[in-house]
Amino acid sequence: MEIIRTPRIMKETSKRLLTQGKTLGLVPTMGALHGGHLFLFKVAKGENDVVVASIFVNPAQFGPSEDFDKYPKDLESDIMKLESAGADILFVPEVPAMYPEGFSTYIGVRGLSDRLCGAFRPGHFEGVATVVCKFFNLALPTRAYFGQKDFQQAQIIKRMTKDLNMSVECITCATVRENDGLAMSSRNRYLSPEEREAAAVVYKSLKSAAHMVKDGVMPASVTEHMNVMLKSEPLVSEVQYAGVYNPETFEESVLPEKKYLLAVAVKMGNTRLIDNILVEI
Ligand code: PAF
């Protein structure tokens, strides 16, 4: 696997590969790789000639009181995982190379960015859209891969590529789960053993909500049920949102619809966990 550290070399390499007629699959990550990321590499590998991984903990998407400084970093072990996942190129730039002095352009995807996670993490999606746009301009991918656990992020990126006439195809891949249903996430490692066990309630609440909507229960009652279930777990310190939403607009569903996004964001101690499932009736 070739390791590239500078934006200039990344862009030159991608241009050369595209001239040779290769297709490029990009998997953007912040490192601390887990089974969810490895699944993205597996899908990317099957659909592209060359797979590029990026590892960059993007300061622009963290709020002042968030975990940027202590975000888990384990480059050596990530490199080993990427080698065995068959990634061809790793792009691992430093912060000053991505945000040089004078950097002042940010991408805002209005509406979609303000709801759900956006309401609790102001500026987060602006940071995500900006860095992903930069990665697209540097790695020039044919396709890019994102996990469904971050469904709102994936939809915002798709909206950005459509609105800005970008030619990359964005693909959302299924969430990979632990045996008890907990969605794999780099932040799961912050959980104490007791919190880790209790965290299974997040997926349980989604599954139970899915049964209810399929049985025709009205969205408001399903939302209430999810909140009661999550709040009855003593180690859940905050329910930021839990409910039934329109998967296109992220507005709360009031009336029966054909498709629902069931989504949750909770805090267990200082650890924020998100998860969702899509249900089609
Ligand atoms: O999902 C992530 O890991 C990040 O938000 C992303 C897409 C790599 C942008 O920094």
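Quantities reported herein were computed from a predicted structural model and do not represent experimental measurements. (Residues numbered from 1 in each chain as written. Predicted model: local features only at pLDDT ≥ 70, side-chain atom pairs only at ≥ 80, totals over all residues. Heavy atoms only, no water.)

Enquirer: What is the right way to look at the overall build of the chain in this model?
Expert: A tally of regular secondary structure across the chain gives 10 helices and nine strands. Judged by the C-alpha coordinates and their principal axes, the chain covers about 55 × 40 × 40 Å. Out of the 281 residues belonging to the chain, those deemed buried represent 53%. Sequence separation of 24 or more characterises 72% of the internal contacts of the chain that already satisfy a separation of 6 or more. Entry remark: accessible area of the chain is about 13,400 Å², with carbon and sulfur atoms responsible for 51%. Taking the 32 positively charged and 34 negatively charged side chains of the chain as two groups, their mean positions are separated by 4 Å. (Helix = DSSP H or I, 4+ residues; strand = E, 2+ residues; numbered from the N terminus. Buried < 20%, exposed > 50% of the residue type's maximum accessible area, 1.4 Å probe, protein only. Contact = heavy atoms within 4.5 Å. Areas by Shrake-Rupley, 256 points an atom, 1.4 Å probe, with all protein chains shown as cover. Lys, Arg positive; Asp, Glu negative; His and termini not counted. Charge placed at Lys NZ, Arg CZ, Asp CG, Glu CD.)

Enquirer: Hey, could you run me through the pairing of strand S8 (residues 259-268) in this one?
Expert: Successive side chains on a regular strand alternate, one facing one side of the sheet and the next facing the other. Within S8, eight of the 10 residues are buried, which leaves the element mostly enclosed by the surrounding structure. Where S8 meets strand S9 (residues 271-280), 10 bridges bridge the pair, whose relative direction is antiparallel. Bridging from a neighbouring strand, Lys-267 pairs with Arg-272 of S9. Hairpin connection, S8 to S9: the antiparallel pair is bridged by two residues, and Gly-269 has positive phi, about 60°. (Pairing = 2+ DSSP bridges.)

Enquirer: Mind showing me how you'd approach the site of the ligand here?
Expert: Around the ligand sit Pro-28, Thr-29, Met-30, Asn-58, Gln-61, Val-128, Val-131 and Gln-153, and those are all the residues in its vicinity. Here Gln-61 contributes a side-chain N or O atom positioned 2.6 Å from an oxygen atom of the ligand. Coverage of the ligand by the protein chains reaches 89% of its 290 Å² of free accessible surface. Only strand S2 (24-29) and helix H6 (124-139) provide two or more residues apiece to the shell around the ligand. Its residues placed into classes, the shell around the ligand shows four nonpolar, four polar and no charged. (Near = heavy atom within 4 Å. Polar contact = N/O pair within 3.5 Å; in protein donor to acceptor, adjacent residues only side chain to side chain. Nonpolar A, V, L, I, M, F, W, Y, C, P; charged D, E, K, R; others polar.)

Enquirer: What am I meant to see in helix H9 (residues 200-214) here?
Expert: In an α-helix there are 3.6 residues to a turn, and that puts residues three or four apart on one side. With 15 residues, H9 extends 22 Å from end C-alpha to end C-alpha; this agrees with the ideal 21 Å at 1.5 Å per step. Extensive coverage of H9 is indicated by the burial of 11 of its 15 residues. Looking at H9, one finds that the buried residues are Ala-200, Val-201, Val-202, Tyr-203, Ser-205, Leu-206, Ser-208, Ala-209, Ala-210, Met-212 and Val-213. Gly-216 sits one or two residues past H9 and shows a positive phi near 90°. (Expected span 1.5 Å × (residues − 1).)

Enquirer: What is the right way to read the pairing of S2 from this model?
Expert: Counting buried positions over the six residues of S2 gives six, a clear majority of the element. Covered by surrounding structure in S2 are Leu-24, Leu-26 and Pro-28 together with Gly-25, Val-27 and Thr-29, the residues of both alternating faces. Two strands pair when backbone bridges link them, and S2 and strand S3 (residues 50-55) are joined in this way by six bridges, in the parallel orientation. Within S3, the position partnered with Leu-24 by the bridge is Val-50. Strand direction decides the pairing type here: S2 and strand S5 (residues 143-147), joined by two bridges, are parallel.

Enquirer: Honestly, the nonpolar core in this entry has me stumped. Any pointers?
Expert: Nonpolar side chains tend to gather and get buried jointly when the protein is soluble and globular. One finds Phe-136 and Met-160 to be the most contacted residues of the largest nonpolar core, which totals 43 residues. The element contributing the most residues to this core is H6, with 10 residues. Discounting chain neighbours no more than four positions away, the residues touching Met-160 are Ile-107, Val-109, Ala-129, Val-132, Cys-133, Phe-136 and Met-166. One finds Val-201, Ala-209, Leu-230 and Ile-277 within the second-largest nonpolar core, a separate group that totals 27 residues. (Core = buried A, V, L, I, M, F, W, Y, C linked by side-chain atoms within 4.5 Å.)

Enquirer: What's the story with helix H1 (residues 7-19) in this structure? I'm lost.
Expert: For H1, with 13 residues, the first-to-last C-alpha span of 18 Å sits near the 18 Å given by 1.5 Å per residue. Those residues of H1 that sit buried are Pro-7, Met-10, Thr-13, Ser-14 and Leu-17. End-on view of H1: buried residues confined to an arc of 130°, all on one side of the axis. Exposed residues lying more than 90 degrees from the buried face of H1 are Arg-8 and Thr-19. The secondary structure elements touched by the buried residues of H1 are strand S1 (2-4), S2, S3, strand S4 (89-91), helix H4 (95-98) and H6. Among the residues trailing H1, Gly-21 stands out with phi positive, at a value near 85°. (Arc of directions from axis to C-beta.)

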